[in-house]
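Chain residues, written in single-letter form:
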Amino acid sequence: PEQNCTFTDHFVTVPFDLSQVLFIATANSTATIPAALKDRMEVIRISGYTEEEKLHIALRHLVPKQFKEHGISPDQLQLPADTLSAIVSGYTREAGVRSLEHKIGSVCRAVALKLAENDILPVQAHVETQTRGEF
């Protein structure tokens, strides 16, 4: 706090008293935060979503959003909970849901392309497990 009471903005050259200000920052990794800045921070680690929470987020928000963005109806593509669960556990490793949304979008894009080409009827997606090395 002592350091913050004499801060001067170099752009408008106006002094500010920041001693009563709380700054909040987020980061996926603290490795890229400069040491001098990190020394002045109180790091609070927050765990990511559980697989069950990711599944509920996908069912309630991500799938409807991706269907809308790709012009797909639930009649044209069915993503059962067990399929989404397999995507969550097998294809996404991050704490959040960004890559999960990307994977759901990939499925939607593939189906939308096939629908546009009139190559397929409605689809029910399933994840097939493969042994490493098999393709």
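That block above? That's the structure.
Since the model is a prediction, treat every value here as computed from it, not as a measurement. (Residues numbered from 1 in each chain as written. Predicted model: local features only at pLDDT ≥ 70, side-chain atom pairs only at ≥ 80, totals over all residues. Heavy atoms only, no water.)

Within the chain, the regular secondary structure consists of four helices and four strands. Sequence-ordered secondary structure for the chain, helices as α and strands as β, is β-β-α-α-β-α-α-β. Looking at the chain as a whole, 21% of its 135 residues are labelled buried. Long-range pairs, those at least 24 residues apart, make up 60% of the contacts in the chain between residues at least 6 apart in sequence. Carbon and sulfur atoms make up 55% of the accessible area of the chain, which totals about 10,700 Å². (Helix = DSSP H or I, 4+ residues; strand = E, 2+ residues; numbered from the N terminus. Buried < 20%, exposed > 50% of the residue type's maximum accessible area, 1.4 Å probe, protein only. Contact = heavy atoms within 4.5 Å. Areas by Shrake-Rupley, 256 points an atom, 1.4 Å probe, with all protein chains shown as cover.)

To continue, consider the pattern of salt bridges. If you walk through the whole model with that rule in mind, you get one salt bridge. Between Lys-65 and Glu-101 there is a salt bridge, and its shortest N-O distance comes to 2.9 Å. Within this pair, whereas Lys-65 is found in helix H2 (residues 51-70), its partner Glu-101 is found in helix H4 (residues 98-116), the two being separated by 36 residues in sequence. For Lys-65, a relative accessible area of 40% gives the class partly exposed. Accessibility expressed as a relative area gives 18% for Glu-101, which makes it buried. (Salt bridge = Lys/Arg side-chain N within 4 Å of Asp/Glu carboxyl O.)

Reaching out from Glu-101, the side chain makes a polar contact with the side chain of Gln-66 at a distance of 3.1 Å. Sequence-distant contacts of Glu-101, that is, excluding residues within four places in its chain, are made with Leu-62, Lys-65 and Gln-66. (Polar contact = N/O pair within 3.5 Å; in protein donor to acceptor, adjacent residues only side chain to side chain.)

A few words on the nonpolar core. With 18 residues, the main nonpolar core has Leu-62, Phe-67, Leu-77, Leu-79, Leu-84, Leu-100 and Ile-104 as its most contacted residues. Put simply, the parts of the chain that give this core at least two residues each are H2, helix H3 (81-91) and H4. The leading source of residues in this core is H2, at six residues. Every residue in contact with Leu-62, bar those within four places of it in the chain, is listed here: Ile-57, Val-97, Leu-100, Glu-101 and Ile-104. (Core = buried A, V, L, I, M, F, W, Y, C linked by side-chain atoms within 4.5 Å.)

Here H3 crosses H4 at 125 degrees, and the two axes come no closer than 10 Å. With respect to H4, the axis of H3 lies oblique. You can see that H3 and H4 cross each other, and the crossing is right-handed. Contact residues: H3 offers Leu-84, Ile-87, Val-88 and Tyr-91, while H4 offers Leu-100, Lys-103 and Ile-104. (Axes fitted to C-alpha atoms, helices over the stretch in contact; angles between N-to-C directions. Parallel < 35°, antiparallel > 145°, perpendicular 65-115°, else oblique. Left-handed = near helix turned anticlockwise from the far one by under 90°.)

Further remarks concern the packing of H2 against H4. Helix packing for two helices is described by the angle between their axes and how far apart those axes are. Put simply, H2 and H4 touch, their axes get as near as 9 Å, and they point 40 degrees apart. Taken together, the axes of H2 and H4 lie oblique to each other. The interaxial crossing formed by H2 with H4 has right-handed handedness. From H2, Lys-54, Ala-58, Leu-62, Val-63, Lys-65, Gln-66, Phe-67 and His-70 reach across to H4, where they touch Leu-100, Glu-101, Ile-104, Gly-105, Cys-108, Arg-109 and Ala-112.

Purely geometric numbers; function is a separate question.
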